[in-house]
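Breakdown of the fold
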Amino acid sequence: MLTERQIVQVLRFAELAYEANDKFHTIEHAKESARISLELAKAEGGNEDVCWVSAMLHDISRGLCEKNGCDHGSEGAKYAKEFLVAAGGFDQQLVDGVYDSIYFHNKEFLEGPIERQIVWDADKLQSFTLDGFKSRLCTYWYERLGEKWLAKVKSEYQFYYDRFHTKTAQLIIAKHRPSIEAYINSLEAQ
Ligand SMILES: [Fe+2]
Ligand SMILES: [Fe+2]
C-alpha cells in the first residue's frame, strides 16, 4: 500500500511534469486515467498501486518527446523509474511494474501483465464515451488535420476499439459505441 507521503510525492512530481504537455495530456488526463485504472484494477484483480502510479505518470515525457521526436512511452518509463528510485521507499515490484506499464502504454502488445493492460485501457477509455470522443479524438484531429479530420478519427476509433485488453473496458466501450456511431453518421450526413 502506498503511504500518504508517497501519494503526495507522485502527485507533485506529476503536476510539474505535465506542465510541458499539450491541452490533451494535462494533469487532469493523468488523474482521470488514474481514477479509471483503479476501477479496472478492482474489477480485473490488478495491483492497484502499480496501476495508479503508472496511470498518473504515463505521459510525463509527452511534451518533451513531442519536441525532440523521442518515444514518450520509453522515455517516460525511464523518467518515472528515476523519480521513484530517487524518492526512495517504493518497492522494487512497484518500480518494475510502473516501468513496464508506462513503456508499453503507447505500443501494441498482445500479452503482458494485467497492470500493463489496465493502464493501456485506462488511458484510452476517456476517448470512448461520446463526450470524450468529441472533446479528445475529434478536437485533437480537427486541430491538426483540418478537412481530413473525420476520416482519421474514424480509423483511429476503430484501431483503438480493437485493441482494448480487459473484459471490463471492452464492455464499457461496447456500451458507448451506438451513440458514437450515431454521432459519426450525423457528421457524415452533413
Ligand atoms: Fe501517452
Ligand atoms: Fe495518455
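All values derive from a computational prediction rather than experimental measurement.

A word on the packing of helix H5 (residues 72-87) against helix H6 (residues 92-104)
Contact geometry for H5 and H6: axes closest at 7 Å, N-to-C directions at 160°. Here H5 is positioned roughly antiparallel relative to H6, judged by the angle of their axes. In this structure, the crossing between H5 and H6 has a hand that is right-handed. Along its contact with H5, which presents Gly 73, Ser 74, Gly 76, Ala 77, Lys 78, Ala 80, Lys 81, Leu 84 and Val 85, the element H6 presents Leu 94, Val 95, Val 98, Tyr 99, Ile 102 and Tyr 103. For the contact of H5 with H6, the residue count by class is ten nonpolar, three polar and two charged.

Focus: the pattern of salt bridges
Counting across every chain of the model gives 13 salt bridges. With its nearest N and O atoms 2.7 Å apart, the salt bridge here joins Glu 32 to Arg 35. You can see Glu 32 and its partner Arg 35 sitting in helix H2 (residues 27-44), three residues apart, about one turn around the helix. The class for Glu 32 is partly exposed, based on a relative accessible area of 29%. Owing to a relative accessible area of 42%, Arg 35 belongs among the partly exposed residues under this scheme. Taking the shortest distance from any N to any O, the salt bridge between Glu 39 and Arg 35 comes out at 2.9 Å. With a gap of four residues between them, Glu 39 and Arg 35 both fall in helix H2, about one helical turn apart. Assessed through its relative accessible area of 45%, Glu 39 is described here as partly exposed. Residues joined in a network through salt bridges with shared partners are Glu 32, Arg 35 and Glu 39.

Topic: the coordination of the iron ion (ligand 1)
Around the iron ion (ligand 1), the protein contributes the donor atoms Asp 59 (OD), His 72 (NE2) and His 105 (NE2), which lie 2.1 Å from the metal centre. The sequence pattern formed by the donor residues of the iron ion (ligand 1) is D-x12-H-x32-H. Distance-wise, the iron ion (ligand 2) is placed 3.7 Å from the iron ion (ligand 1), both being coordinated by Asp 59. Taken together, the residues span a long stretch of sequence, with Asp 59 in the loop between helix H3 (48-57) and helix H4 (62-68) and His 105 in the loop between H6 and helix H7 (114-125) at a distance of 46 residues. As far as burial versus exposure is concerned, Asp 59 and His 105 are alike and both buried.

Observations concerning the state of the cysteines
Scanning the model with the defined rule gives one disulfide in all. The disulfide bridge from Cys 65 ends at Cys 70, spanning 2.2 Å between sulfur atoms. In this structure the cystine formed by Cys 65 and Cys 70 twists about its S-S bond by roughly -100°; its chirality is therefore left-handed.

What about the coordination of the iron ion (ligand 2)?
Coordination angles at a metal have ideal targets, namely 109.5 degrees for four tetrahedral donors and 90 or 180 degrees for six octahedral donors. Within the protein, His 29 (NE2), His 58 (NE2), Asp 59 (OD) and Asp 123 (OD) serve as the donor atoms for the iron ion (ligand 2), at 2.2 Å. What the four donor atoms of the iron ion (ligand 2) show is an angle range of 84 to 170° at the metal, which sorts the shape as irregular. For the iron ion (ligand 2), the single-chain donor residues occur in sequence as H-x28-H-D-x63-D.

Structural notes on the layout of surface pockets
By volume, the largest pocket amounts to about 530 Å³. Along the walls of the largest pocket sit 23 residues, with His 25, Arg 62, Lys 124, Glu 156 and Tyr 160 positioned nearest its centre. Taken together, the elements giving at least two residues each to the lining of the largest pocket come down to H7, helix H8 (130-145) and helix H9 (149-161). Along the lines of polarity and charge, the residues of the lining of the largest pocket split into eight nonpolar, six polar and nine charged.

Conventions adopted
Residues numbered from 1 in each chain as written. Chains lettered and ligands numbered in written order. Predicted model: local features only at pLDDT ≥ 70, side-chain atom pairs only at ≥ 80, totals over all residues. Heavy atoms only, no water. Axes fitted to C-alpha atoms, helices over the stretch in contact; angles between N-to-C directions. Helix = DSSP H or I, 4+ residues; strand = E, 2+ residues; numbered from the N terminus. Parallel < 35°, antiparallel > 145°, perpendicular 65-115°, else oblique. Left-handed = near helix turned anticlockwise from the far one by under 90°. Contact = heavy atoms within 4.5 Å. Nonpolar A, V, L, I, M, F, W, Y, C, P; charged D, E, K, R; others polar. Salt bridge = Lys/Arg side-chain N within 4 Å of Asp/Glu carboxyl O. Buried < 20%, exposed > 50% of the residue type's maximum accessible area, 1.4 Å probe, protein only. Donors = N, O, S within 2.8 Å, 3.2 Å for Na, K, Ca; no water. Disulfide = S-S within 2.5 Å. Tetrahedral: all angles 85-135°; square planar, octahedral: opposite > 155°, others 65-115°. 1 Å grid on protein atoms, 1.4 Å probe; cavity = no way out; pocket = protein on both sides within 12 Å on 5 of 7 lines; lining within 4 Å. Points joined across faces, edges and corners; volume = space filled by probe spheres on them.

Everything listed here is a matter of geometry and, on its own, says nothing about what the molecule does.
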